[in-house]
Amino acid sequence: MKSQTSLLNKTLLSHFTGTIFWLTIVFMALNIIALPLSIWIVTFDRDFYPDYQIPENFLFQIASGQLIIGMIFTAFLAMFLLNYLNDESSSDFMHSLPVKRTALLVHVLLTGITAIVVPLVISAVILLIERMIFIPEIAVTDIGKWLIYALFVHFVVFAIAIFTGFLVNGIFLHMQVIILALFLPLAVWGLTFAAANVLYDGISSSFIEHSELVLNATFPYIAVTQLYDGINTPLSLLWAAAAILLIVLSFVLYKYRRNEKVTASFNFIWLKEILTAVTTIAGMLAVGASVSLLIPVSPAVSIFGFAVGAIVAYLIVEMFFQNSVKIQFSWKSIVFTVLVIIIFWLVFLIGWTKYVNDVPSEEEVASVYIADDYMYYTSDSLDEYFEEGFLFNDDEKVIESAIKAHEAAIEDKSFPNIYTGDETARLEFQYKMEDSSVMNRTFQTLQNDSEAVQITKQLNSDRYNINADFLENIKHHPEMTELWLFNNTLRADRSLIEDYKNHSAQLMDYNSYITNETGRIEASANYENNYESGMSSIYNEAVLKRIAESDLLMEEILYLNQSSEMFIADIPADELKTFFNDYKELNIRELADKHELENLSEEQKTDIISQVNDGELAPEGSKLLIYSYPDYTESEEDYPAEVDFSILAIQ
């Protein structure tokens, strides 16, 4: 059996290589399709896309598909290499050979590593050839970095798959445990977060905010995201050390493994009990959260959903773990699972109740932002493209009022139920803390007339909300390629940003209801690899100047013409709050009747359009033009006036 010129057993290597030969061929073919061929297809016809520029991180960005295929292949590779352990006769035969178990595992590892390395090296060589012929933008160093990173990822998954193979018996069970090892922590936490969202109001809308630890423990997620975000060296070294440790532990487990246990599903009963309990909890949360989401009637229905989910999940888990639909029940397993579920719910209820009732003190908060709509900006985009303080207010009185509104929201919230936008308001409290951390809480069950909503409305109406002004807070970013106003209607140069900031102070002198509720325009910026947009004010002199210098008329920009329905209102300053509340709640006819709006004739419309085209706006006054889009026809539905009508302050 043993070669006289080698420390390795050629017969064993040949045996294991034959076991996974065709699997390796399939991997090599998919590898070439997923990366070298894909790159060739993307960059094939340069003449058809003459302006196309290959991104700096192009190779890593397009390598995600190859990496996912590779991780799947590596898991199957370990499963087939260790499959001889799952059959009693094969296991007895292999262990009857004059070869130590340590040597057997060494041969398994060498065969697997070779099956990983060879296809990846072949792909790297093809990439080098492609670079020399028609893709010079891909640097040789990038190909080398990709190869090293791909080898690292495959080796870590291979180590996990090998280690799990010594915990169970059976190739199907081996596959289940690999999946659990890779994804169970993320699945349990994700389902726990989902269950909290259907049982509590006041949970953060950001899953990522509380998931860093779990995501870092989910290697496939880390492997793929690092392709886009850059390599996290300390984290990668930690995973590499974990992989080495798992290989060492694999040798230990193999040494003490007993062949007579080959007919048992798990080599360690305690491991089966733990996995059964934890996986049952995951299934319970999935079913219960789904029932609560689809039938959000009452806590009783949710409790019933979680109870049914626990029973169904336990039965399914036992069928999978026992490899049979004819389950052999164990009272010890049932009692242990029930006990773990009880402990889970105690921790869940205590922890999430404390979480949703937690309000920071004023001393802890550096700045605050309260959103009454969904947040469209990520923390990364805020840091990269906007000035410090965008959306967030550091005024002490604002922070005090925000905390008061937060406390009121906790008192006013209810069990997540069937609710509509007409009945309830959405409030999201975002705090930047003095210790640089971030705290988010989102409420979706508050009544429109609740104290928290009223405090927030007053908070936003005290002065012009310059913290949320897009042009006031956007940076002069070197990757900015275009700047647009009015929903990509009017293109502006980058000088508008500085000019706008120089004139924004005047907006603070006008009535806040006028500047916050009227004349809002969309501004957007295109970047080399990004797009951002937000709202600014048409009353800023820099914007009016750009309109006057363009070839467009104000009526074209504002979608206003003779066919629009128009009203004039002269609202006293002390009645503006009531007027704008009615504008958001009443239809146009009810609004016109209540506030005695003047419906303009065709001749009056002509004069008003001329006035608007001349830029005769007056945010310092109280005369308002309420106008619809062109060719307006009144709907049979009872919509609030703000749906079809816009408002502009004019002279």
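Below is a summary of the structure that appears in this document. (Residues numbered from 1 in each chain as written. Predicted model: local features only at pLDDT ≥ 70, side-chain atom pairs only at ≥ 80, totals over all residues. Heavy atoms only, no water.)

1. Considerations on the sheet that holds strand β1 (residues 365-371)
Note: strands within a sheet are paired through backbone hydrogen bonds, in either parallel or antiparallel orientation. The strand order β1-β2-β3 describes an open sheet built from three strands, whose pairing is antiparallel. Two strands lie at the open edges of the sheet, namely β1 and β3 (438-447), each paired on one side alone. Sheet twist, expressed as the mean angle between neighbouring strand axes with direction ignored, is 15 degrees. Pairing of β1 with strand β2 (residues 424-433), which is carried by six bridges, proceeds in the antiparallel orientation. Across the sheet, the residue bridging to Ile 370 is Phe 429, located in β2. Along the sheet, helix α15 (residues 396-412) makes contact with β1, β2 and β3, crossing β1 at roughly 55 degrees. (Pairing = 2+ DSSP bridges. Helix = DSSP H or I, 4+ residues; strand = E, 2+ residues; numbered from the N terminus. Axes fitted to C-alpha atoms, helices over the stretch in contact; angles between N-to-C directions. Contact = heavy atoms within 4.5 Å.)

2. Focus: the packing of aromatic side chains
The geometry of an aromatic ring pair is captured by two quantities: the separation of the ring centres and the angle between the planes. On inspection of all chains with the given rule, the structure shows 32 aromatic pairs. Their ring planes at 65 degrees and their centres at 5.1 Å tell us that Phe 266 and Phe 321 sit as a pair that is edge-to-face. On the criterion of sequence distance, the pair formed by Phe 266 in the loop between α10 (233-256) and α11 (269-294) and Phe 321 in helix α12 (residues 299-322) is long-range, its members being 55 residues apart. Per residue, the accessibility class of Phe 266 equals that of Phe 321, and both read buried. Each residue in the set Trp 189, Phe 193, Tyr 200, Phe 207, Phe 306, Phe 344, Trp 345, Phe 348, Trp 352 and Tyr 355 is aromatic and connected to the rest through ring pairs, giving one cluster. Of note, Lys 432 hangs over the ring of Phe 392, and the distance from its end group to the ring centre comes to 4.6 Å. Sitting over the face of the ring of Tyr 355, Arg 441 holds its NZ or CZ atom 3.6 Å from the ring centroid. (Phe/Tyr/Trp six-rings, centres within 6.5 Å; stacked < 30°, edge-to-face > 60°. Buried < 20%, exposed > 50% of the residue type's maximum accessible area, 1.4 Å probe, protein only. Lys NZ or Arg CZ within 6 Å of the ring centre and 35° of its normal.)

3. Focus on the side chain of Glu 130
Looking at the element boundaries, Glu 130 is found in helix α5 (residues 101-133). The class of Glu 130 is buried, set by a relative accessible area of 8%. If sequence neighbours within four positions are ignored, Glu 130 has contacts with Pro 36, Leu 37, Ile 39, Trp 40 and Ile 135.

4. So, the nonpolar core
Among the nonpolar cores identified, the biggest contains 79 residues, and Ile 39, Trp 146 and Ile 162 are the most heavily contacted of them. Formed by 70 residues, the second largest nonpolar core is a distinct cluster that contains Leu 382, Tyr 385, Ala 525 and Leu 617. (Core = buried A, V, L, I, M, F, W, Y, C linked by side-chain atoms within 4.5 Å.)

5. Some thoughts on the pairing of strand β4 (residues 480-485)
As judged from the five bridges shared by β4 and strand β6 (residues 520-527), these two strands associate in the antiparallel manner. Across the sheet, residue Met 480 finds its bridge partner in β6, namely Tyr 527. The sheet contact formed by β4 and strand β5 (residues 490-492) spans three bridges and is antiparallel. Bridge assignment links Trp 484 to a residue of β5, and that residue is Arg 491.

6. Some remarks on the packing of helix α6 (residues 140-165) against α10
Where α6 contacts α10, the axes come no closer than 9 Å and their chain directions differ by 30 degrees. Judged by the sense of rotation from one axis to the other, the crossing of α6 with α10 is left-handed. Counting all contacts with α6, which are made through Phe 152, Val 156, Ala 159, Ile 160, Ile 162 and Phe 163, the residues of α10 involved are Ser 236, Trp 239, Ala 240, Ala 243, Leu 246, Ile 247, Leu 249, Ser 250 and Leu 253. Here the contact of α6 with α10 is built from residues that sort into 13 nonpolar, two polar and no charged. (Left-handed = near helix turned anticlockwise from the far one by under 90°. Nonpolar A, V, L, I, M, F, W, Y, C, P; charged D, E, K, R; others polar.)

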